[in-house]
Amino acid sequence: MSKGINMPPSQKSAPRVLVLDSDMEHANELVEQLEAAGYQASAAPEWDERSSAPHCDVILGEADTVPLEELAAACAPEEAPAWILLAAFGSIQDAVGAMRAGAADYISKPIPIDRLLMSLERALERRALLDQNQRLLEDLGRRYSLGDMQSTSAAMSAVFDTVRAVADTRATVLLEGESGTGKSLLARSLHEAGERRDGPFVVVNCGALPHDLLESELFGHVKGAFTGAVSDRPGKF
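Residues numbered from 1 in each chain as written. Predicted model: local features only at pLDDT ≥ 70, side-chain atom pairs only at ≥ 80, totals over all residues. Heavy atoms only, no water.

**Focus on the nonpolar core**
With 21 residues, the main nonpolar core has Leu-34, Tyr-39, Val-58, Leu-60, Ile-84, Leu-116 and Leu-120 as its most contacted residues. Taken together, the elements giving at least two residues each to this core come down to β1 (16-20), α1 (24-36), β3 (58-62), β4 (82-87) and α5 (113-143). Among the elements that line this core, the one with the most residues is α5, at six residues. Once you skip the residues sitting within four places of it in the chain, Val-58 turns out to touch Arg-16, Val-17, Leu-18, Pro-81, Ala-82, Ile-84, Leu-120 and Leu-124. In terms of nonpolar packing, the next biggest core, distinct from the first, is built from 14 residues, Leu-20, Ile-59, Leu-85 and Ala-87 among them. (Core = buried A, V, L, I, M, F, W, Y, C linked by side-chain atoms within 4.5 Å. Buried < 20%, exposed > 50% of the residue type's maximum accessible area, 1.4 Å probe, protein only. Helix = DSSP H or I, 4+ residues; strand = E, 2+ residues; numbered from the N terminus. Contact = heavy atoms within 4.5 Å.)

**Thoughts on the environment of Ala-101**
Within the secondary structure, Ala-101 sits in helix α4 (residues 92-101). Here Ala-101 falls in the buried class, since its relative accessible area comes to 14%. Each C-alpha atom, one on Ala-101 and one on Ala-74, is 9.4 Å from the other, the two residues being 27 residues apart in sequence.

**Some points on the sheet that holds strand β2 (residues 40-44)**
Across a sheet, paired strands are connected by hydrogen bonds in the backbone, their directions being either parallel or antiparallel. Taken together, five strands build an open sheet; the order of strands is β2-β1-β3-β4-β5 and the sheet is parallel. Every interior strand has two partners, whereas the edge strands, β2 and β5 (105-108), have only one. Direction aside, the axes of adjacent strands within the sheet are offset by 20 degrees on average. As defined by bridge partners, β4 adjoins β5 across four bridges and the pair is classed as parallel. Looking at β5, one finds that Leu-85 is bridged to Tyr-106. Along the sheet, α1 makes contact with β1, β2, β3 and β4, crossing β2 at roughly 175 degrees. (Pairing = 2+ DSSP bridges. Axes fitted to C-alpha atoms, helices over the stretch in contact; angles between N-to-C directions.)

**Some details on the pairing of β1**
β1 sits mainly inside the fold: four of its five residues count as buried. Of the crossover connections in this fold, the one passing from β1 over α1 to the parallel β2 is right-handed. Bridge count for β1 against β3 is four bridges, and the pairing is parallel. When the bridges of β3 are listed, Val-17 appears paired with Val-58. (Right-handed = clockwise from strand over helix to strand, strands pointing away.)

Structure, rendered in structure tokens:
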């Protein structure tokens, strides 16, 4: 290993770098330097999204051959590789435009290998942080929240998973628990997690209804059905 070359951050496997350069001789020289520094590197004369994107972590591309519109589209997906643009005659304005489009860095040629390796390390570290943040958000959303309910309890996480499992079914759900444990809130979250979320969520305190009025309250009645039924009344159902 040549003096002054830093190894990339330790990872389960060596990061994969794709060098895009119409000058394949120059590209292959850069590949050799990257491999000497511990990267998996390959070269291609031009960008092929279908064949290249799934197989690399960072792309080194010639700035003058990557339009900003295409760069922005290539950088947009969360799983997209990081882009570092290499420019023969770059300007500050070009660099700003590239960074706004999503490039991780913009380097002018000739490229000092130490500068390039430092840029690669930063791009990979940023990508790792973004991936970690996304995983944490997905984990929190899946395990510890449901609608307006949030919890750090493993027991409540299991409850949330059960609610999600039955939310889109037509199963009857009975929630049991002491007063104040959140049964009504969980019932509402169950409704909002299901495919009928756009329909009404109707709350009835059956304990506050006299026994002889419960059926009428739930199912309704027509005028004259019993003494005091002076008009039709729709039930909760």
